[in-house]
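# Commentary on secondary and tertiary structure
Single-letter residue listing:
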Amino acid sequence: QVQLVESGGGSVQAGGSLTLSCVASESIFSWNSINSVGWFRQPPGKRRELVARIVSGGSTYYADSVMGRFTISRYLTKNTVFLEMTDLKPEDTDVYYCNANGLGPGGPFDSWGQGTQVTVSS
């Protein structure tokens, strides 16, 4: 199973920036064109929501709430996906989780990291 380790969370004031990192134990993007890594968060009382996703081929997706403020990117040789967050708002406060899913040599996988806390104060 693919292991994921997140880091980079912290506390900032509104308008500030943070960059989250997600390191995978395997080179999942090299396995095929459909594997993806996404960042999720779960606001209180709501379902876990997808914030941003990047696919093996390089295409990206962003939730409307973060479009233009967050950027997802990757460093293939280090099996790392980044989420650069700028112009942070108090409503961005949450635990952010990294997810990797797709198809690997051992079959389908759907892995989650332990989460990293982001706190934005007004």
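Just so we're clear, the structure is a prediction, and the values are computed from it rather than from any experiment.

Another point: the overall build of the protein chain. From N to C terminus, the protein chain includes 0 helices and 11 strands. When the elements of the protein chain are put in sequence order from the N terminus, they spell out β-β-β-β-β-β-β-β-β-β-β. Here the C-alpha atoms of the protein chain give a radius of gyration of 14 Å, agreeing with the 14 Å that 2.2 N^0.38 yields for 122 residues. Taken along the three principal axes of its C-alpha coordinates, the protein chain extends 45 × 25 × 25 Å. Counting only contacts in the protein chain whose residues sit at least 6 apart along the sequence, the fraction spanning at least 24 positions is 52%. Surface exposure of the protein chain reaches about 6,300 Å², of which carbon and sulfur atoms provide 51%.

Let us now look at the pairing of strand 1 (residues 4-7). Of the two faces of strand 1, the one lined by Leu 4 and Glu 6 is fully buried and the one lined by Val 5 and Ser 7 carries no buried residue. Sheet analysis places strand 1 next to strand 3 (residues 18-24), joined by 4 bridges and oriented antiparallel. Each bridged residue has a counterpart across the sheet, and for Glu 6 the counterpart in strand 3 is Cys 22.

Here the focus is the pattern of salt bridges. Within the structure shown, the criterion is met by 3 salt bridges. A salt bridge links Arg 41 to Glu 49; the shortest N-O distance between them is 2.7 Å. Using a relative accessible area of 27% as the deciding quantity, one classes Glu 49 as partly exposed. Among the charged side chains, a salt-bridge network with shared partners connects Arg 41, Glu 49, Arg 69 and Asp 92.

Within the fold, Asp 92 resides in the loop between strand 8 (80-85) and strand 9 (94-104). Overall, the relative accessible area of 0% leaves Asp 92 in the buried class. When residues no more than four places from it in sequence are discounted, the contact partners of Asp 92 are Arg 41, Arg 69, Phe 70, Asp 87, Val 118 and Val 120.

Another point: the state of the cysteines. Scanning the model with the defined rule gives 1 disulfide in all. Two residues share a disulfide in this structure: Cys 22 and Cys 98, whose sulfurs sit 2.0 Å from each other. Looking down the S-S bond of the Cys 22 and Cys 98 bridge, the torsion is -75°, so its handedness is left-handed. One end of the pair, Cys 22, is in strand 3; the other, Cys 98, is in strand 9, with 76 residues separating them in the sequence.

Each value, and the rule that gives it
- Residues numbered from 1 in each chain as written.
- Predicted model: local features only at pLDDT ≥ 70, side-chain atom pairs only at ≥ 80, totals over all residues.
- Heavy atoms only, no water.
- Helix = DSSP H or I, 4+ residues; strand = E, 2+ residues; numbered from the N terminus.
- Rg over C-alpha atoms; globule rule 2.2 N^0.38 Å.
- Contact = heavy atoms within 4.5 Å.
- Areas by Shrake-Rupley, 256 points an atom, 1.4 Å probe, with all protein chains shown as cover.
- Buried < 20%, exposed > 50% of the residue type's maximum accessible area, 1.4 Å probe, protein only.
- Pairing = 2+ DSSP bridges.
- Salt bridge = Lys/Arg side-chain N within 4 Å of Asp/Glu carboxyl O.
- Disulfide = S-S within 2.5 Å.

By themselves, these observations are geometric and do not establish any function.
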